[in-house]
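Observations on the three-dimensional arrangement
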Amino acid sequence: MRGLGIDLGTTNTVVGTLDGGIVLNEPSFMLVRNKDPHRALAIGKDARNLVGRTPAGITQVRPMRDGVIVDLESARAFVTAVIEQVAPTRRYGRRPTAVISAPAGATPLERRALLEVGHEAGLRKVGLIPGPVAGALGCGVNPLEARAHLIVSVGGGTSEVTAICFGGVISHRSCQLAGEELTEALHHYLREEHQIIVGELTAERAKMGAPDTTDEQSLVVEGLDAVTGRARLISLDVDEIVEALRPTTTGIVQTLTACLEDLPPQAISDVMSEGVLVIGGGAMLRGLSQLFEESFGLPVKTAERPLTCVAEGATACLDHPEVVAAYSG
């Protein structure tokens, strides 16, 4: 194995290899025993499925918030468990190298924390690449060409819009409204409008049950009646979910469109020709691409694999160290 490409996201962690493609795509969740908080008991789906039903003595940990590390010890335990799962030392013998994606707006301190966690988790050599750059590369865009590209990334903890050209960032804006805020908005809407209290996983499934590609027009949501406290089912129209999320999605768009004001005219010309590329889990929400198109006034293209293209691009950087070098400043 020649190395790992890692997208260490707030909601999901995706890992790719040059030989095997995507080898891990799991929620960025970890379970630890209270007596041993720095060793992962379970990660990914196994940990995520216990949200709201965790036994006594076990704590759920989310090592990433807004795309950056919250706690170094927890992040190290999580990344160590991920590496052991995809590249166990007993099988490969030597520690792997890796390229890890980071938010384009990450501070030097946040970037250094990612590097430290990677090394302490057992990686031999670690490079960092901005997530939007990795996503563009994973979608077939050359981030080193003398042509401007505009990438919108709507992840779990942060939304970013980044303009890149010739190995550098020419404009960048970000906001903390993203996937988690969309889930919370739907949770609040269901309680206020339908008097039903749902769990975090249920709200997440309902939100992601309304992508542009769905053929179904309604979803069944289960929860507790806010008045009686009894179990209850309701049927939600997909268009109602879209409208419930609209105030939050509009807030995301309004923040990100400010990036266009920083672009020189020639860059705008390139973007009008190429279109805006949308990546991340938010790209799958019904109506979001149309909202971006209306707000930006530019053609919008959604990545074919919005959830994995960042990891794919980070993996491709293993063969293209010049991209990491160009964007590492």
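Residues numbered from 1 in each chain as written. Predicted model: local features only at pLDDT ≥ 70, side-chain atom pairs only at ≥ 80, totals over all residues. Heavy atoms only, no water.

Looking up the protein chain in an unreviewed UniProt entry gives the name Cell shape-determining protein MreB, with the organism given as Rhodococcus parequi. Note on the protein chain: under the UniProt heading Sequence similarities (unreviewed entry), the record states "Belongs to the FtsA/MreB family." UniProt annotates the protein chain under Function (unreviewed entry) with the comment "Forms membrane-associated dynamic filaments that are essential for cell shape determination. Acts by regulating cell wall synthesis and cell elongation, and thus cell shape. A feedback loop between cell geometry and MreB localization may maintain elongated cell shape by targeting cell wall growth to regions of negative cell wall curvature." (UniProt positions renumbered as here; feature names shortened; annotations may be inferred.)

Between helix α6 (residues 179–194) and helix α7 (residues 200–208), the shortest axis-to-axis distance is 9 Å and the interhelical angle comes to 105°. Relative to α7, the element α6 is oriented roughly perpendicular. On α7, the residues touching G179, L182, T183, L186 and H187 of α6 are E200, A203, E204, A206 and K207. In terms of residue class, the contact of α6 with α7 is made up of four nonpolar, three polar and three charged. (Axes fitted to C-alpha atoms, helices over the stretch in contact; angles between N-to-C directions. Helix = DSSP H or I, 4+ residues; strand = E, 2+ residues; numbered from the N terminus. Parallel < 35°, antiparallel > 145°, perpendicular 65-115°, else oblique. Contact = heavy atoms within 4.5 Å. Nonpolar A, V, L, I, M, F, W, Y, C, P; charged D, E, K, R; others polar.)

What follows concerns helix α8 (residues 238–256). The end-to-end C-alpha distance of α8 is 26 Å, a good match for the 27 Å that 19 residues give at a rise of 1.5 Å each. In the structure, α8 departs most strongly from a straight axis at R246, where the bend amounts to approximately 50° and where the proline P247 lies between one and four residues downstream. Two to three positions downstream of the cap, the backbone nitrogen of D239 sits 2.9 Å from a side-chain oxygen, assigning the N-cap of α8 to D237. (Expected span 1.5 Å × (residues − 1). Bend = angle between axes of the 7 residues up to and from the residue. Polar contact = N/O pair within 3.5 Å; in protein donor to acceptor, adjacent residues only side chain to side chain.)

A separate point is the packing of helix α5 (residues 131–138) against helix α11 (residues 309–316). Between α5 and α11, the shortest axis-to-axis distance is 6 Å and the interhelical angle comes to 85°. Between α5 and α11, the interaxial angle falls into the category roughly perpendicular. From α5, G131, A134, G135, L137 and G138 reach across to α11, where they touch C309, V310, E312, G313, A314 and A316. Per-class residue counts for the contact of α5 with α11 are six nonpolar, four polar and one charged.

This brings us to the pairing of strand β4 (residues 30–33). Pairing of β4 with strand β5 (residues 42–43), which is carried by two bridges, proceeds in the antiparallel orientation. By the bridge assignment, L31 is partnered in β5 with A42. In this structure, β4 lies alongside strand β6 (residues 58–61), joined through four bridges in antiparallel fashion. Paired with R33 across the strands is I58, a residue of β6. (Pairing = 2+ DSSP bridges.)

Quick look at the environment of I43 now. Here I43 shows up in strand β5. Assessed through its relative accessible area of 12%, I43 is described here as buried. Between the C-alpha atoms of I43 and M30, which are 13 residues apart in sequence, the distance is 4.3 Å. Not counting chain neighbours up to four residues away, the residues in contact with I43 comprise F29, M30, F78, A81, V82 and Q85. (Buried < 20%, exposed > 50% of the residue type's maximum accessible area, 1.4 Å probe, protein only.)

Its 13 residues give helix α4 (residues 108–120) an end-to-end C-alpha distance of 18 Å, which sits within 8% of 18 Å, the value for a rise of 1.5 Å per residue. Every buried residue of α4 is accounted for by R111, A113, L114, V117 and G118. Seen end-on, α4 carries its buried residues on one side only, within an arc spanning 155°. Along α4, exposed side chains directed more than 90 degrees from the buried face belong to P108 and L109. Positive backbone phi, at 115°, marks G122, one or two positions downstream of α4. (Arc of directions from axis to C-beta.)

Glancing now at the UniProt feature "binding site: ATP" (unreviewed entry) in the protein chain. Residues annotated by UniProt as "binding site: ATP" (unreviewed entry) correspond here to G156, G157 and T158. Along the chain, G157 falls in the loop between β11 (149–154) and β12 (159–165). The buried category is assigned to G157, whose relative accessible area is 2%. The contact partners of G157, leaving out residues within four places of it in the chain, are T10, D66, Q176 and A178. For T158, the location among the structural elements is in the loop between β11 and β12. On the basis of relative accessibility, which here comes to 14%, the residue T158 falls in the buried class. In this structure T158 touches D66, S153, S174, C175, Q176 and A178, once residues within four positions along its chain are discounted.

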